[in-house]
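Below, each chain spelled out in residue letters.
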Amino acid sequence: MEGCGNSALSYELSLVGFPDVTSVDYSSVVVDAMRTRYAHMPNLRWETMDVRALDFPSGSFDVVLEKGTLDALLAGEEDPWTVSLDGVHTVDLVLSEVSRVLVPEGRFISLTSAAPHFRSRHYAQARYGWSLRHTTYGDGFHFHLYFMYKGRELSGAQLALGAQLFLPPRPPPTPCFLQDSDHEDFLSAIQL
Ligand SMILES: C[S@@+](CC[C@H](N)C(=O)[O-])C[C@H]1O[C@@H](n2cnc3c(N)ncnc32)[C@H](O)[C@@H]1O
């Protein structure tokens, strides 16, 4: 699990049958705390690591999961509709590393509050060598779940969406003001 924080998710994954769960976070404080909290669970491994440069060999994981870590990495973006070049590069570093450490038919699962119009274009890049599926979870407030399957292909529509990531940002729309709005007699124009 990438950017595990103090979430119990890794522990719960092991309870439902995942035999070995490795969790990383770049906060050594949180990693030490989790290692202590789950010292009785030898199949849970905790590592201080930056998800932009993983210290794992290629092809070493069947499944990679992140929950809210990409959201944290993009939290400083001024405009979620037009992610900065730095933001695009950061996400690319993370996804390239995920793709590298996955086995040939591995899966990447991303749990986020980011809806497809913000996030899909980042995942829809042919260079990661995976397919993309999206679904939601929850009533009212939705969590978004993205499933990437390594060794499968993106659709043409998804590739076209991915290409939009590299288009130059559109200029902001020109503000539109009503002419002479201070002098209009709105009240007497209302027909009751
Ligand atoms: C929003 S929290 C999510 C924590 C946990 N996944 C959860 O669902 O509760 C984001 C986590 O990502 C970690 N993080 C942020 N950037 C990171 C990076 N470059 N490498 C590793 N961990 C990172 C933070 O330390 C934090 O624990």
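Residues numbered from 1 in each chain as written. Predicted model: local features only at pLDDT ≥ 70, side-chain atom pairs only at ≥ 80, totals over all residues. Heavy atoms only, no water.

Undergrad: Please set out the site of the ligand residue by residue, giving values where relevant.
TA: By nearness alone, 16 residues border the ligand, and Gly3, Asp25, Asp50, Val51 and Lys67 come closest of all. Contact distances for the ligand include 2.6 Å between an oxygen atom and a side-chain N or O atom of Asp25. At a separation of 3.2 Å, a nitrogen atom of the ligand approaches a polar backbone atom of Tyr26. Taking 590 Å² as the accessible area of the ligand by itself, protein coverage stands at 78%. Looking at the shell around the ligand, its residues break down into seven nonpolar, five polar and four charged. No fewer than three residues from each of domain 1 (1-49) and domain 2 (58-168) sit in the shell around the ligand. (Near = heavy atom within 4 Å. Polar contact = N/O pair within 3.5 Å; in protein donor to acceptor, adjacent residues only side chain to side chain. Areas by Shrake-Rupley, 256 points an atom, 1.4 Å probe, with all protein chains shown as cover. Nonpolar A, V, L, I, M, F, W, Y, C, P; charged D, E, K, R; others polar. Domains from an automatic or database assignment.)

Undergrad: A description of the nonpolar core should follow, citing residues and the corresponding values.
TA: In this structure, Leu95, Phe108, Tyr123 and Trp130 are the most contacted members of the largest nonpolar core, which totals 27 residues. Elements represented by at least two residues in this core include exactly β3 (61-67), α4 (85-101), β4 (102-112), β5 (130-137) and β6 (143-150). No other element matches α4, which puts six residues into this core. (Core = buried A, V, L, I, M, F, W, Y, C linked by side-chain atoms within 4.5 Å. Buried < 20%, exposed > 50% of the residue type's maximum accessible area, 1.4 Å probe, protein only. Helix = DSSP H or I, 4+ residues; strand = E, 2+ residues; numbered from the N terminus.)

Undergrad: Help me get a handle on the domain arrangement of the protein chain, residues and values and all.
TA: The domains assigned to the protein chain are domain 1 (1-49) and domain 2 (58-168). The distance between the C-alpha centroids of domain 1 and domain 2 comes to 22 Å. Counting residues at the interface gives eight residues for domain 1 and 10 residues for domain 2. Contact with domain 2 buries surface across domain 1, with Met1, Glu2 and Leu9 losing the most and accounting together for 63% of the total. Where domain 1 touches domain 2, the interface holds zero salt bridges. One can count three residue pairs in polar contact (both at pLDDT 80 or more) joining domain 1 with domain 2. In terms of residue class, the side of domain 1 that touches domain 2 is built from four nonpolar, three polar and one charged. (Contact = heavy atoms within 4.5 Å. Buried area = accessible area lost by both parts, 1.4 Å probe. Salt bridge = Lys/Arg side-chain N within 4 Å of Asp/Glu carboxyl O.)

Undergrad: Please provide a residue-by-residue account of the environment of Arg52, values included.
TA: Residue position: Arg52 is located in the loop between β2 (44-48) and β3. Separated by 43 residues in sequence, Arg52 and Leu95 have C-alpha atoms that sit 8.2 Å apart. Polar contacts involving the side chain of Arg52 include one to the side chain of Asp50, which spans 2.7 Å.

Undergrad: Explain the pairing of β4 to me, and be specific about the residues and the numbers.
TA: The element β4 is extensively covered by neighbouring structure, given that eight of its 11 residues are classed as buried. Where β3 meets β4, six bridges bridge the pair, whose relative direction is parallel. Note on β4: the bridge partner recorded for Val63 is Arg107. Pairing of β4 with β6 involves six bridges; the strand directions are antiparallel. (Pairing = 2+ DSSP bridges.)

Undergrad: Summarise a nonpolar patch on the surface; cite the residues concerned and give the values.
TA: Judged by side-chain polarity, Leu15, Val16, Phe18 and Val63 come together as a nonpolar surface patch covering roughly 380 Å² of accessible area. Here Val16 lies in the loop between α1 (9-15) and β1 (21-25). (Patch = residues over 30% accessible without salt bridge, like charges linked within 9 Å, V, L, I, M, F, W, Y side chains within 5 Å.)

Undergrad: I'd like to hear about the sheet that holds β5, residue by residue, with values.
TA: On the basis of which strands lie adjacent, the open sheet formed by four strands has the order β3-β4-β6-β5 and mixed pairing. Only two strands of the sheet have a single neighbouring strand rather than two, namely β3 and β5. Mean inter-strand twist for the sheet, computed between neighbouring axes without regard to direction, equals 15°. Docked against the sheet, helix α5 (residues 116-123) engages β3, β4, β5 and β6, running at close to 15° with respect to β6. (Axes fitted to C-alpha atoms, helices over the stretch in contact; angles between N-to-C directions.)

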